[in-house]
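# Chain and residue survey
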Amino acid sequence: MQTNLYFDIEKTQWPIIYRDEYNVHLFGLENYFPFDTHKWKNIFKILEKQHLLNEKTIVKPKEATKEDLLVTHPKSYLKKLKFSLYVAFIEEYLLLCLLPNFMIQRYIMKPMRFQTGGSILAGKLALERGWSINLGGGFHHCSARKGGGFCIYADITLLIHFLFKYYSDRVRKIMIVDLDAHQGNGHERDFKNNPNVYILDVFNKNIYPNDHEAKKTIRRKVELDFYTHDNEYLPLVKGSIIMALEEFDPDLIVYNAGTDILEGDSLGALSVSAEGIISRDELVFRYARARHIPLVMLTSGGYKRRTAGIIARSIINLFDKGLIRAP
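The paragraphs below set out a description of the structure included in this document. (Residues numbered from 1 in each chain as written. Predicted model: local features only at pLDDT ≥ 70, side-chain atom pairs only at ≥ 80, totals over all residues. Heavy atoms only, no water.)

Scanning the chain from terminus to terminus reveals 11 helices and 7 strands. For 327 residues, the compact-globule formula gives about 20 Å, and the C-alpha radius of gyration of the chain, at 18 Å, lands near that figure. With the C-alpha coordinates aligned to their principal axes, the bounding extent of the chain is approximately 50 × 45 × 40 Å. Excluding contacts between residues fewer than 6 apart, the proportion of contacts in the chain whose partners are at least 24 apart in sequence is 74%. For the chain, the exposed surface amounts to about 13,600 Å²; the carbon and sulfur share of it is 51%. With 44 positive and 38 negative side-chain charges, the chain shows a separation of 4 Å between the mean positions of the two kinds. (Helix = DSSP H or I, 4+ residues; strand = E, 2+ residues; numbered from the N terminus. Rg over C-alpha atoms; globule rule 2.2 N^0.38 Å. Contact = heavy atoms within 4.5 Å. Areas by Shrake-Rupley, 256 points an atom, 1.4 Å probe, with all protein chains shown as cover. Lys, Arg positive; Asp, Glu negative; His and termini not counted. Charge placed at Lys NZ, Arg CZ, Asp CG, Glu CD.)

What follows concerns the environment of C151. Inspection of the secondary structure puts C151 in the loop between β2 (131-134) and α6 (155-166). Given the relative accessible area of 5%, C151 is considered buried. With residues up to four places along the chain from it excluded, the contact list for C151 reads I90, E91, F139, H140, H141 and C142. (Buried < 20%, exposed > 50% of the residue type's maximum accessible area, 1.4 Å probe, protein only.)

The computed volume of the largest pocket comes to approximately 230 Å³. Taken together, T65, K66, L69, K75, L78, K79, L81, K82, Q105, M109, R113 and Y153 make up the lining of the largest pocket. For the lining of the largest pocket, the secondary structure elements donating two or more residues are α2 (66-69), α3 (75-80) and α5 (101-129). In the lining of the largest pocket, the residues fall into 5 nonpolar, 2 polar and 5 charged. (1 Å grid on protein atoms, 1.4 Å probe; cavity = no way out; pocket = protein on both sides within 12 Å on 5 of 7 lines; lining within 4 Å. Points joined across faces, edges and corners; volume = space filled by probe spheres on them. Nonpolar A, V, L, I, M, F, W, Y, C, P; charged D, E, K, R; others polar.)

Time to look at the environment of V237. Checked against the element boundaries, V237 lands in helix α9 (residues 230-247). Note: C-alpha distance between V237 and L200 (37 residues apart in sequence) is 9.7 Å. Once residues within four sequence positions are removed from consideration, V237 is found in contact with L179, V202, R280 and L283.

As a further point, take the side chain of D260. Along the chain, the position of D260 falls in the loop between β6 (252-256) and α10 (274-290). Reaching out from D260, the side chain makes a polar contact with the side chain of H182 at a distance of 2.9 Å. If we skip the residues at most four places from it in the chain, D260 touches D180, A181, H182, D265, G268, G301, G302 and Y303. (Polar contact = N/O pair within 3.5 Å; in protein donor to acceptor, adjacent residues only side chain to side chain.)

Pasting the structure below:
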C-alpha cells in the first residue's frame, strides 16, 4: 500500500519542502532551547523575500503517522516517547519533563513528525526532479531504537527505507554524505553491515556523540580537530567525496548539510566561515549533478541564530550557479 507521505506535486512547484508547522512554539519556552526553533521559517522567509519561493511554489509535506514511523521504529521506541522525561533527555532540556506529554506531543514532536514527513517526501522528489531540499530534517543522532542529540525521529533511516520499499526497481544503493559537525551515529547504527548504504562522515572527533561502535559502519571517515577552518576543511571534503564516488556508485545521495561547522558555534567547535559553508554545499551539488545522481539535502544541525541566513544564501547560490533550476 502506498504511503500518504508520497504525493505528486505541481510542475510549477520547486522540490523544496517546508511548512509552518516545522517550527516549535511552546509559550516562549522554545527561546531557551540550544537551537533556533524558528530556523526553518526564517530560511523560507528569506527565500520568499528574494522572490525565489512563495506559498504556491513551496511543497508542503504531510505529517508522518504512527504507521509511517513503524517502517523503522519499533513500537517499544514510540511508546517511550509518551514519557515527557524521555523526550526531555533527547532534547537536553530538563524543564520539559514537567510538562504533560500531550503538550510535548503537540508543540515539539508534531513539528518533528512534519519534518520527518518532509524528509521522506524529499526522496521521491529527488528521483523525479534530480534534486530536492527539505528545509528541515537531518536528525542523524536518532536510530531506530534510541533518540538523542535533539533528534527524536530517525528521518534519514526512514527516507532510505521508504525508497528501498517503494522504489526498489530504481534505488538499490544509497550514499549518505554527512557533513554536520557531529558524527551521524543514528543512521550509522541503523545501517550496520548493510552493503547497499555507503556512509561518508566528516565530523569533529572531540565532541558528542563519540560513538565508537557506530564508527565501525562509516565507509569513509574524516575526523577533524577543534577549530578546523576553510583552508583545511574544504579540500578534505572535496577529496573525500571524490574517493567515495570512486568506491561506490549510488542511485541517490542523502546530504546531511549541518551548519554547526560555522565558526563560533559552541556545539560544533569548528571554524568554517559562512562562505565556506556555501562553497561546501556547492561542491556536493556539483559532484552529484555532474554524475546525474539524485540528491536530497537536509539542513540538520546549526546552533547560531544566523545559520538560517547562511542556508538561504547557499540555496540562492545553488540557483545562481545553475545547480538547481526553477520549475
